[in-house]
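Coordinates in review
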Amino acid sequence: MKLLYCFVFCGWYLLSLLPLRVLYLVSDLLYFPLYYLVCYRREIVRGNLTGSFPEKSPEEIVRIEKKFYRFFCDCVVENIKLFSMPKKQVMRRMTFSGAEDMAADLKETGKNFGFIYLGHYCNWEWIASLAYWYPEGIHSSQIYHPLYNKAFDKLFLRMRNRFGGECIPMKETLRRIVTLKRQKQPTMVGFIADQAPKWNSMHHWTTFLHRDTSFFIGTEQIAKQVGAVVYFADVRRVKRGYYHCDLKRITVSPEDCPDYDLTDRYSSLLEEMIRREPAYWLWSHNRWKRTKEEWERRK
């Protein structure tokens, strides 16, 4: 594992020293074999797009599909670049609005936690640089799912931790948040909650992109338990290599919301963002592999 980690890290770090304009040439070259030869998960991508946008013609679906693969290749080289990209350049390319509003909400309400709903949209790895934008004294963290390959898990943790935030393994989320609450540490926590839960984690279904869809509800449950203010990360790709994230308040009182209301509002905001520019969501994820019909049968 150590040998693989060292080998991949050295290779990625050396690549990251290249200017982004050169890395984008690599991305352009990568697109053609990935899309036309390897056909990486193309059946899944086509099926996801067709089911999500039944109103679009086959030609429109293919245009979105190709744009997604070009963007996917851009994400690969952009994340490699993170291994050596200086803070000043990161803050110029990934900008935020609303971070001060979140900090003000914590101060005005006397609460310790701000939760941010995220999606696998635009370059979500760069969003971890939000830690640079918080006022001093606020702890930044994000929930992540450890990779099965230990070497690559260590590699991605190194990349994410460089922003100064804390990566919390998904299974340790509640324990770590309770610890931070006891310490009365003002903390912002990012939750990427748009992937498919496993059968035993499915508790609520909503309509999302024309289909019955189950979402993780842990963010909502923990937000109510610790009384967090809750925001949504609305992200736009300004141009190649530049993004802007607008943090939009959902509520400062999650404990007053009906069950599943926060999850439904997240689903609605996420869908609105995806519909604005569909190509930038992670369509290669087999999002609807578990159906509501099968879930009801298993119950």
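Residues numbered from 1 in each chain as written. Predicted model: local features only at pLDDT ≥ 70, side-chain atom pairs only at ≥ 80, totals over all residues. Heavy atoms only, no water.

1. With respect to the side chain of N48
With respect to the helices and strands, N48 occurs in helix α3 (residues 42-52). If we ignore the near neighbours within four places in the chain, the residues touching N48 are R211, W283, H285, R287 and W288. (Helix = DSSP H or I, 4+ residues; strand = E, 2+ residues; numbered from the N terminus. Contact = heavy atoms within 4.5 Å.)

2. So, the pairing of strand β6 (residues 205-208)
Bridging between β6 and strand β7 (residues 211-214) involves 4 bridges; their strand directions are antiparallel. Bridging across to β7, T207 finds its partner in D212. Here β6 folds back onto β7 in antiparallel fashion, the turn holding 2 residues, of which L209 has a positive phi close to 55°. (Pairing = 2+ DSSP bridges.)

3. What about the pairing of strand β3 (residues 139-144)?
Burial analysis of β3 places 5 of its 6 residues in the buried class, which makes it a mostly covered element. Both β3 and strand β5 (residues 187-192) contribute to a ladder of 4 bridges, which runs parallel. Bridge assignment links Q142 to a residue of β5, and that residue is G190. In the sheet, β3 pairs with strand β4 (residues 166-169) via 4 bridges, with the strands oriented parallel. Residue pairing across strands places I143 opposite I168, the latter belonging to β4. In this fold, the crossover linking β3 to β4 by way of helix α7 (residues 150-161) has right-handed handedness. (Buried < 20%, exposed > 50% of the residue type's maximum accessible area, 1.4 Å probe, protein only. Right-handed = clockwise from strand over helix to strand, strands pointing away.)

4. Some thoughts on the packing of helix α2 (residues 20-37) against helix α4 (residues 58-81)
Running from N to C, α2 and α4 cross one another at 135°; their axes reach a closest spacing of 8 Å. As the angle between them shows, α2 and α4 are arranged oblique. For the element pair α2 and α4, the recorded crossing hand is right-handed. Together, L20, L23, Y24, V26, S27, L30, Y31, F32, L34, Y35 and Y36 of α2 and V62, E65, K66, Y69, R70, F72, C73, D74, V77, E78 and K81 of α4 make up the contact between the two elements. (Axes fitted to C-alpha atoms, helices over the stretch in contact; angles between N-to-C directions. Parallel < 35°, antiparallel > 145°, perpendicular 65-115°, else oblique. Left-handed = near helix turned anticlockwise from the far one by under 90°.)

5. Some points on the pattern of salt bridges
Inspection of every chain in the model, using the stated rule, returns 18 salt bridges. Residue R249 pairs with D105 through a salt bridge whose shortest N-O separation is 2.9 Å. One end of the pair, R249, is in strand β9 (residues 242-251); the other, D105, is in helix α6 (residues 99-109), with 144 residues separating them in the sequence. The exposure class assigned to D105 is buried, which follows from its relative accessible area of 7%. Each of D28, D74, R237 and R240 takes part in one network of salt bridges that share partners. (Salt bridge = Lys/Arg side-chain N within 4 Å of Asp/Glu carboxyl O.)

6. Section: the sheet that holds β9
Read across the open sheet, the 7 strands follow the order β1-β9-β8-β2-β5-β3-β4; overall the sheet is mixed. For this open sheet the edge positions go to β1 (94-97) and β4, each flanked by a neighbour on one side alone. The sheet shows a mean angle of 30° between the axes of neighbouring strands, direction not considered. Of the strands in this sheet, β3 and β4 touch α7, which is tilted by about 155° from β3. Strands β2 (113-118), β8 (229-239) and β9 of the sheet are contacted by helix α10 (residues 261-276), whose axis makes an angle of about 5° with β8.

7. Quick notes on the nonpolar core
Counting 82 residues, the largest nonpolar core has F115, L247, I274 and W283 as its most contacted members. Not counting residues up to four positions away in its chain, the partners in contact with I274 are F53, Y121, F208, L209, W281 and W283. (Core = buried A, V, L, I, M, F, W, Y, C linked by side-chain atoms within 4.5 Å.)

8. A short note on a positive patch on the surface
Together, R41, K171, K198 and K289 make up a region of like positive charge exposed at the surface. Residue R41 is classed as partly exposed on the basis of its relative accessible area, which comes to 40%. (Patch = residues over 30% accessible without salt bridge, like charges linked within 9 Å, V, L, I, M, F, W, Y side chains within 5 Å. Areas by Shrake-Rupley, 256 points an atom, 1.4 Å probe, with all protein chains shown as cover. Lys, Arg positive; Asp, Glu negative; His and termini not counted. Charge placed at Lys NZ, Arg CZ, Asp CG, Glu CD.)

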